Amino acid sequence: MLPSATEYSVILLGLDNAGKTTFHEQVKALFNPDHPSPRLKTVPTVGQNVSTITLPDMYLKIWDVGGQLSLRKLWQSYYSSCHAIVFIVDSTDIGDGDLDDGEDDDDERGERAISGRLEECRLVLEDVLQNEETEGVPLLILANKQDREDCVEVVRIKEGLVKKVFEGEKASSIRDSRVLPVSALTGAGVREAVDWLRSRVKWNKESRPPVMR
């Protein structure tokens, strides 16, 4: 236990099957030594999963919220009390990573673009950031499943999703943000993600003070 430690809350958002629960399990296994190794197969989150990890200078409470369409309306109930938002993207389920409407000579690539969910990701993320209760909250976008051969590279996700969200017609105010590659399945990039969150919630503590416990 940390003496009179600060506690910050982080919410994990993203479409269904993006890998939120697997990422959550990896975080718990990495920072809570007595937590069992993460299961390779998880079931869709219905409602929420919550855990608290102990870092050297704070407690980090993680809220893993269901991403199914029917559950997304519940996300806003977490906005006012969160100190950071993690938006997880399935890098294998966003077509070719390009939101442009231009024609593509490569039929296979064109079919992949149409079948992907990049546009849905953009609309959902825009909706999150347009809520006044998320204004100024640090945002970490995780390009998950980077261990897969069919994944879209992070640079394309930045161009096809992040840039369009932050520079589009519905762009919200400038905020502290980062895009990082991860593999929730293997655990690659998980520690780096938590390190970024840890530094940014502390940096933003004047705007979003932590809870004392």
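Keep in mind that this is a model prediction, so the values were computed, not measured.

**Considerations on the overall build of the protein chain**
Part 1 of the argument: The secondary structure content of the protein chain amounts to six helices and seven strands.
Part 2 of the argument: Listed by position from the N terminus, the elements making up the protein chain come as β-α-β-β-α-β-α-α-β-α-β-α-β.
Part 3 of the argument: Looking at the protein chain as a whole, 49% of its 213 residues qualify as buried.
Part 4 of the argument: For the protein chain, the accessible area works out to roughly 11,100 Å², and carbon and sulfur atoms hold 49% of it.

**Section: the packing of aromatic side chains**
Here a ring pair, both rings aromatic, is described through the centre-centre distance and the interplanar angle of the planes.
Part 1 of the argument: In the structure shown here, the tally under the stated rule is one aromatic pair.
Part 2 of the argument: Ring geometry for Trp63 and Tyr78: centres 5.7 Å apart, planes at 55°, overall tilted. Remark: Tyr78 occurs in helix H2 (residues 76-79) and Trp63 occurs in strand S3 (residues 58-65); sequence separation between them is 15 residues.
Part 3 of the argument: Since its relative accessible area comes to 13%, Tyr78 is described here as buried.

**Overview of the UniProt feature "binding site: Mg(2+)" (unreviewed entry) in the protein chain**
Part 1 of the argument: Per the UniProt record, "binding site: Mg(2+)" (unreviewed entry) is found at Thr21 and Thr45.
Part 2 of the argument: On the secondary structure map, Thr21 appears in helix H1 (residues 20-31).
Part 3 of the argument: Looking at Thr21, the relative accessible area reads 11%, which means it is buried.

**Let's talk about the side chain of Ser51**
Part 1 of the argument: Inspection of the secondary structure puts Ser51 in strand S2 (residues 48-55).
Part 2 of the argument: Owing to a relative accessible area of 11%, Ser51 belongs among the buried residues under this scheme.
Part 3 of the argument: Among the polar contacts listed, one links the side chain of Ser51 to the side chain of His24, at a separation of 2.6 Å.

**Description of the pairing of S3**
Every other side chain in a regular strand lies on the same face of the sheet, so the side chains alternate between the two faces.
Part 1 of the argument: Burial of S3 is extensive: seven of the eight residues sit out of reach of the surface.
Part 2 of the argument: Summarising the sheet, strand S1 (residues 6-13) and S3 pair through seven bridges and their orientation is parallel. Among the inter-strand pairings, Val10 is bridged to a residue of S3, identified as Ile62.
Part 3 of the argument: Taken together, the eight bridges between S2 and S3 define a ladder with antiparallel strand orientation. The residue bridging Thr54 from the neighbouring strand is Tyr59, located in S3.
Part 4 of the argument: Counting the residues that bridge the hairpin from S2 to S3 gives two residues.

**A short note on helix H6 (residues 190-203)**
Part 1 of the argument: Between its terminal C-alpha atoms H6 stretches 20 Å, which fits the 20 Å expected from 14 residues at 1.5 Å a residue.
Part 2 of the argument: Among all positions in H6, only Val190, Ala193, Val194, Trp196, Leu197, Arg200 and Val201 are buried. Down the axis, H6 shows its buried residues gathered within 160° of arc, on one side only.

**Looking at the environment of Lys20**
Part 1 of the argument: By secondary structure assignment, the location of Lys20 is in helix H1.
Part 2 of the argument: Within the structure, Lys20 has its side chain in polar contact with the backbone oxygen of Leu15 (distance 2.9 Å).

**So, H1**
Part 1 of the argument: Under the 1.5 Å per step criterion, the end-to-end length of H1 is 17 Å for 12 residues, consistent within 8% with the ideal 16 Å.
Part 2 of the argument: Within H1, 10 of the 12 residues are buried, leaving the element largely enclosed by the surrounding structure.
Part 3 of the argument: For H1, every residue scored as buried is listed here: Lys20, Thr21, Thr22, Phe23, His24, Glu25, Gln26, Val27, Lys28 and Phe31.
Part 4 of the argument: Looking at the buried side of H1, the elements it contacts are S1, S2, S3, strand S4 (84-90), strand S5 (139-144) and H6.

How each quantity is defined
Residues numbered from 1 in each chain as written. Predicted model: local features only at pLDDT ≥ 70, side-chain atom pairs only at ≥ 80, totals over all residues. Heavy atoms only, no water. Helix = DSSP H or I, 4+ residues; strand = E, 2+ residues; numbered from the N terminus. Buried < 20%, exposed > 50% of the residue type's maximum accessible area, 1.4 Å probe, protein only. Areas by Shrake-Rupley, 256 points an atom, 1.4 Å probe, with all protein chains shown as cover. Phe/Tyr/Trp six-rings, centres within 6.5 Å; stacked < 30°, edge-to-face > 60°. UniProt positions renumbered as here; feature names shortened; annotations may be inferred. Polar contact = N/O pair within 3.5 Å; in protein donor to acceptor, adjacent residues only side chain to side chain. Pairing = 2+ DSSP bridges. Expected span 1.5 Å × (residues − 1). Arc of directions from axis to C-beta. Contact = heavy atoms within 4.5 Å.

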